[in-house]
Amino acid sequence: VKPVRIRLSLDANDPSRHRSFLAVGTGYCQDEDHLSRGRILIFEVLQSHIGLIRTNKPKLSLLCERAIRGPVSALNEIEGYLVIATGNKIFLYW
């Protein structure tokens, strides 16, 4: 689980081109005969409101889910791009 700031627009003049999200990398193994699998989940953190009162419990909204071959070893954000390491490969998402 890692908070990341991902680039949404390639326009340098757009003030809202970066937004903060919560990125989650998973990995699971079924048994010895099957390959390990993983997923990348991107959540937006929303503020909770009860009427006009803001609560301290944020809500998560799933924006994106992607299945990948192999478990996620590491994930990070570099200059607005999401970088994910799985096995001996590195993937760059934007």
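The present account deals with the structure reproduced in this document.

Calculation rules
- Residue numbers here run from 1 along each chain, matching the order of that chain's written sequence.
- Whole-chain, interface and lining totals are the exception, using all residues; otherwise, since this is a predicted model, local features are given only for residues with pLDDT of at least 70 and side-chain atom pairs are given and counted only at 80 or more.
- Side-chain metrics in this entry use all non-hydrogen atoms of the structure; hydrogen atoms and water are not considered.
- Segments assigned H or I by DSSP are reported as helices when at least four residues long, segments assigned E as strands when at least two residues long, and all are numbered from the N terminus.
- Here, residues are in contact when the closest pair of their heavy atoms is within 4.5 Å.
- Only strands joined by at least two bridges in the DSSP assignment are considered to pair.
- All axes are obtained by fitting lines to C-alpha atoms, using only the stretch in contact for helices, and the reported angles, taken between N-to-C directions, cover 0 to 180 degrees.
- One speaks of a salt bridge when a side-chain nitrogen belonging to Lys or Arg is within 4 Å of a carboxyl oxygen belonging to Asp or Glu.

Section: the environment of Val4
With respect to the helices, strands and loops of the structure, Val4 is situated in strand S1 (residues 2-7). Taking the C-alpha atoms as reference points, Val4 and His18, separated by 14 residues in sequence, lie 9.8 Å from one another. Not counting chain neighbours up to four residues away, the residues in contact with Val4 comprise Arg19, Ser20, Phe21, Ala23, Asn76, Glu77 and Leu82.

Things to note about the sheet that holds strand S7 (residues 74-78)
Taken together, the three strands give an open sheet; going across it, the order is S7-S8-S9, and neighbouring strands pair in antiparallel fashion. Taken across any chain shown, the strands that pair with only one partner, and hence form the sheet edges, are S7 and strand S9 (89-93). Across the sheet, the mean angle separating the axes of adjacent strands is 20 degrees when strand polarity is ignored. Where S7 lies against strand S8 (residues 81-86), five bridges are found, and the strand directions are antiparallel. Following the sheet pairing, Asn76 is matched in S8 by Val83.

Describing the pattern of salt bridges
Enumeration over the complete set of coordinates arrives at one salt bridge. A salt bridge links Arg39 to Glu65, with the shortest nitrogen-to-oxygen separation between them at 2.5 Å. Of this pair, Arg39 sits in strand S3 (residues 37-46) while Glu65 sits in strand S6 (residues 59-69), placing them 26 residues apart in sequence.

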